[in-house]
Amino acid sequence: MSTLEEHVDVEVSIDEAWDSLHRMERYPRFVDGIRDARTEDDGRAHLDVSAGGRDRELEAEVSDRLMGRVKDHVEERVMEWRTTAAPELSGSFSLQPIDEDHTRVQIRVEYDPDTVRESFGGPKGFAQASAIERLVRSDLEHFKEHVEQERR
């Protein structure tokens, strides 16, 4: 299993960033390859994905955790997800307030490189890991643009 972690600082409150992460229907606006996304019952999400020239439908279980409190203020919020069938993917979004109007968004993705290649195609080895890192970094930058524009 490989693990990838990236983060970006956004110029919105933790509440605004948290809200945006939970609007699955907006994921196609900032996640490359997602054509359609929607929240299902019982903490599930459905994603139509196009990657590596292949179309896939993925179901994922999504859950939330609030970590650490100072008075009535939550110090960190975590959205965890994992696919319910192949390809096996899991990860989390961790949101940490920097100050009242700035939030750090960190993504952690766990995946098996061979499974991802079998499911979506693409290069092998280091080239694949580099491609996934670039994609995740790009998606985080697009999320930053999206959430900051939404605020205006």
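The coordinates are above.
What counts, and at which threshold
Residues numbered from 1 in each chain as written. Predicted model: local features only at pLDDT ≥ 70, side-chain atom pairs only at ≥ 80, totals over all residues. Heavy atoms only, no water. Salt bridge = Lys/Arg side-chain N within 4 Å of Asp/Glu carboxyl O. Helix = DSSP H or I, 4+ residues; strand = E, 2+ residues; numbered from the N terminus. Buried < 20%, exposed > 50% of the residue type's maximum accessible area, 1.4 Å probe, protein only. Contact = heavy atoms within 4.5 Å. Core = buried A, V, L, I, M, F, W, Y, C linked by side-chain atoms within 4.5 Å. Pairing = 2+ DSSP bridges. Polar contact = N/O pair within 3.5 Å; in protein donor to acceptor, adjacent residues only side chain to side chain.

Here's the deal with the pattern of salt bridges
Now for step 1: Scanning all chains against the criterion turns up 16 salt bridges.
Now for step 2: Within the structure, one salt-bridge network assembled from shared partners comprises Asp-19, Arg-23, Arg-26 and Glu-150.

Brief notes about the side chain of Ser-92
Now for step 1: Along the chain, Ser-92 turns up in strand E6 (residues 89–99).
Now for step 2: Taking relative accessible area as the criterion, Ser-92 reaches 13% and is therefore assigned buried.
Now for step 3: What Ser-92 contacts, discounting residues up to four positions off in sequence, is Val-78, Met-79, Glu-80, Trp-81, Gln-106, Ile-107 and Arg-108.

Comments concerning the nonpolar core
Now for step 1: Tyr-27, Met-79, Phe-93, Leu-95 and Val-105 are the most contacted members of the largest nonpolar core, which has 35 residues in total.
Now for step 2: Here this core takes 5 residues from helix H4 (residues 125–151), the largest share from any one element.
Now for step 3: In this structure Leu-95 touches Ile-14, Ala-17, Trp-18, Leu-21, Glu-75, Glu-76, Arg-77, Thr-103, Arg-104 and Val-105, once residues within four positions along its chain are discounted.

Remarks on the pairing of strand E3 (residues 44–51)
One face of the sheet, then the other: side chains in a regular strand alternate in exactly this way.
Now for step 1: Alignment of strand E2 (residues 34–40) against E3, held across 6 bridges, turns out to be antiparallel. The residue of E3 that forms the bridge with Ala-37 is Leu-47.
Now for step 2: Taking the residues between adjacent antiparallel strands as the criterion, E2 and E3 are bridged by 3 residues, where Asp-42 takes a positive phi near 60°.

Topic: the side chain of Thr-103
Now for step 1: The topology assignment puts Thr-103 in strand E7 (residues 102–111).
Now for step 2: At 2.8 Å, the side chain of Thr-103 and the backbone oxygen of Val-12 are in polar contact.
Now for step 3: With near-sequence residues (within four places) excluded, Thr-103 lies in contact with Val-8, Asp-9, Val-10, Val-12, Ser-13, Ile-14, Ala-17, Leu-95, Gln-96, Pro-97 and Ile-98.

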